[in-house]
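Structure assessment
The residues making up each chain are set out below.
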Amino acid sequence: MIVADRKSLEEILSMVETDKKILVVGCKGCVTVCNVGGAKEVEVLASALKIARKKAENELEIDTHVLERQCDNEYVSQLGDTVGDYDAVVSMACGVGPQFLSEMYREQVFYPAVNTTFFGGATQHGVWEERCAGCGTCGIHLFGGICPIARCAKSLLHGPCGGSSNGACEVNKDTECIWDTIVKKKMEQGKVDDLLAVKGFKDWRSARDGGPRRSIREELVEGNI
Amino acid sequence: MRLSYPTNVKVIQVPCTGRVDIIHLLNAIEDGADGVYVAGCLEGECHYIAGNLKARRKVDYVKRTLEEIGVEPERVEMYNLSSAQGARFAEIANEMVEQVAKLGPTPVKGSCAA
Ligand code: SF4
Ligand code: SF4
């Protein structure tokens, strides 16, 4: 899933500084699962903002709503009747959400309440870790099912580098050297020779380097026979 | 045992402090309560294993939130006591009322603020 962290209240308060009536809109997708922008977090943010503005004797009226997903126009369109009633809308979805909202409702201002960080999963309750960088050409099977693109600070395909020390990455000693992990796993499996194979150049054009990407499923596109 | 505790403490009963959520504490502050505290069972004695520990983490979250927006975090507290400690219950109520009185009225002028 997409993982995000909520922005500081200070930052969100400054975004809505001049507004009197706002809508905080959450998303039941990824940001609900990573406990940052679902129904609960929407209410908590709304309450915290109201407290801050009451304290400043400049009350802020806040309505809340949670969409099934903010990255699908069929759900985004559900705000059509009400979106114009507010001075601004604060979105708690990943960065995709407020963009879809802005594209559909061109007159309204949408503020992102979260910082979208990575594709990952929960390694324990309350802790999420990056696993994929969306490179567009998955090759984890070459590395024991572990992704060095996302998990090696240098995205090395023939690691580890000389900075690997006792299983820790030189970039940050609290980060595991994923190449250490890959090699250990291959050794355990008795397949360390796999790593001797030289991988060809990685074609980064399928990643962000090739510009914004688009996926088309011909069989789903209306108008296609 | 007839113990008295301050009349300005309003008790809201929950089956377990694990039921108390962040939003409940924030709503109390938002609505103008001068302070709010959670009285849970002693740590290690929760009938639902960890309800009181979860409550403490939620109280800490609310404290951090209040601090971020310039409201005294001491307006929210977590206490632990057993249901057999009636005297301690009254003592805690007094302690909390005293702590909040020192801070003065809430800076959050909500609908039920005096
Ligand atoms: S808007 Fe973002 S958070 Fe919500 S479902 Fe879509 S991708 Fe996930
Ligand atoms: S190889 Fe690419 S697609 Fe596969 S997990 Fe790594 S970053 Fe994601």
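None of these values were measured; they are calculated from a predicted model. (Residues numbered from 1 in each chain as written. Chains lettered and ligands numbered in written order. Predicted model: local features only at pLDDT ≥ 70, side-chain atom pairs only at ≥ 80, totals over all residues. Heavy atoms only, no water.)

**Some thoughts on the overall build of chain B**
When its secondary structure is counted, chain B shows 3 helices and 2 strands. In terms of C-alpha radius of gyration, chain B reaches 14 Å, essentially the compact-globule figure of 13 Å for 114 residues. Expressed along its principal axes, the backbone C-alpha trace of chain B runs to roughly 35 × 30 × 20 Å. A total accessible area of about 6,700 Å² is found for chain B, and carbon and sulfur atoms account for 53% of it. For chain B, the centre of its 13 positive side-chain charges and the centre of its 15 negative side-chain charges are spaced 5 Å apart. (Helix = DSSP H or I, 4+ residues; strand = E, 2+ residues; numbered from the N terminus. Rg over C-alpha atoms; globule rule 2.2 N^0.38 Å. Areas by Shrake-Rupley, 256 points an atom, 1.4 Å probe, with all protein chains shown as cover. Lys, Arg positive; Asp, Glu negative; His and termini not counted. Charge placed at Lys NZ, Arg CZ, Asp CG, Glu CD.)

**What about the sheet that holds strand β6 (residues 114-124) of chain A?**
All names here are of chain A. Across the sheet, 3 strands lie side by side as β1-β6-β7; this open sheet has antiparallel pairing. One side of each edge strand has no neighbouring strand; the edge strands of this open sheet are β1 (2-6) and β7 (127-132). Averaged over neighbouring strand pairs, the angle between their axes works out to 70 degrees when direction is ignored. Sheet topology places β6 next to β7; 5 bridges connect them, and they run antiparallel. Following the sheet pairing, G121 is matched in β7 by E129. (Pairing = 2+ DSSP bridges. Axes fitted to C-alpha atoms, helices over the stretch in contact; angles between N-to-C directions.)

**Some thoughts on the domain arrangement of chain A**
Taken domain by domain, chain A holds domain 1 (2-117) and domain 2 (133-207). Here domain 1 of chain A and domain 2 of chain A have C-alpha centroids that lie 38 Å from each other. (Domains from an automatic or database assignment.)

**Comments concerning the packing of helix α1 (residues 22-30) of chain B against helix α2 (residues 51-68) of chain B**
All names here are of chain B. Closest axis-to-axis distance for the α1/α2 pair is 9 Å, and the angle between their directions is 40 degrees. In terms of axis orientation, α1 runs oblique to α2. Note on packing geometry: the crossing formed by α1 with α2 is right-handed. Here I22, L25, L26 and I29 of α1 lie close against α2, whose contacting residues are K58, V59, Y61, V62, T65 and L66. Class assignment of the residues belonging to the contact of α1 with α2 gives a composition of 8 nonpolar, 1 polar and 1 charged. (Parallel < 35°, antiparallel > 145°, perpendicular 65-115°, else oblique. Left-handed = near helix turned anticlockwise from the far one by under 90°. Contact = heavy atoms within 4.5 Å. Nonpolar A, V, L, I, M, F, W, Y, C, P; charged D, E, K, R; others polar.)

**Comments concerning the nonpolar core**
By size, the foremost hydrophobic cluster in this structure holds 38 residues, and its most contacted members are A:I22, A:L45, A:L49 and B:L66. Taken together, the elements giving at least two residues each to this core come down to α1 (9-15), β2 (21-27), α3 (39-55) and β4 (88-91) of chain A together with α1, β1 (36-40), α2 and β2 (76-80) of chain B. Sort the elements by how many residues they give to this core and α3(A) lands first, with 8 residues. Those residues in contact with A:L45 that sit more than four places away from it in its chain are A:R6, A:L9, A:I12, A:V24, A:V90, A:M92 and A:A113. Core analysis: the next-biggest nonpolar cluster, separate from the first, contains 14 residues, A:I146, A:C177, A:I178 and A:A207 among them. (Core = buried A, V, L, I, M, F, W, Y, C linked by side-chain atoms within 4.5 Å. Buried < 20%, exposed > 50% of the residue type's maximum accessible area, 1.4 Å probe, protein only.)

**Comments concerning the sheet that holds β2(A)**
All names here are of chain A. Strand order in this open sheet of 4 strands is β3-β2-β4-β5, and the pairing throughout is parallel. Edge positions in the open sheet fall to β3 (61-67) and β5 (110-112), since each of these has one partner strand only. Put simply, the sheet's adjacent strands are angled 25 degrees from each other on average, direction ignored. Across the sheet, α3 lies against β2, β3 and β4, angled at about 170 degrees from β3, the strand it touches most. Against the sheet, helix α5 (residues 96-104) makes contact with β2, β3, β4 and β5, and its axis sits at roughly 170 degrees relative to β5, the strand it touches most.

**Remarks on the interface of chain B and chain A**
Contacts between the two partners involve 20 residues from chain B, matched on the other side by 16 residues from chain A. Carbon and sulfur atoms make up 63% of the area that chain B and chain A hide from each other, which totals about 1,400 Å². The largest contributions to the chain B side of the interface with chain A come from B:E30, B:E68 and B:I69, which together make up 40% of the buried area. At the surface where chain B touches chain A, the tally comes to 2 salt bridges. A salt bridge links A:K40 to B:D21; its shortest N-O distance comes to 2.8 Å. The interface formed by chain B and chain A includes 6 residue pairs in polar contact (both at pLDDT 80 or more). (Buried area = accessible area lost by both parts, 1.4 Å probe. Salt bridge = Lys/Arg side-chain N within 4 Å of Asp/Glu carboxyl O. Polar contact = N/O pair within 3.5 Å; in protein donor to acceptor, adjacent residues only side chain to side chain.)

**Describing the environment of A:E61**
All names here are of chain A. Mapped onto the fold, E61 is located in strand β3. On the basis of relative accessible area, E61 is assigned to the partly exposed category, the value being 45%. Taking C-alpha positions, E61 is 24 Å from C94, a pair spaced 33 residues apart along the chain. Once residues within four sequence positions are removed from consideration, E61 is found in contact with K20, K21 and I22.

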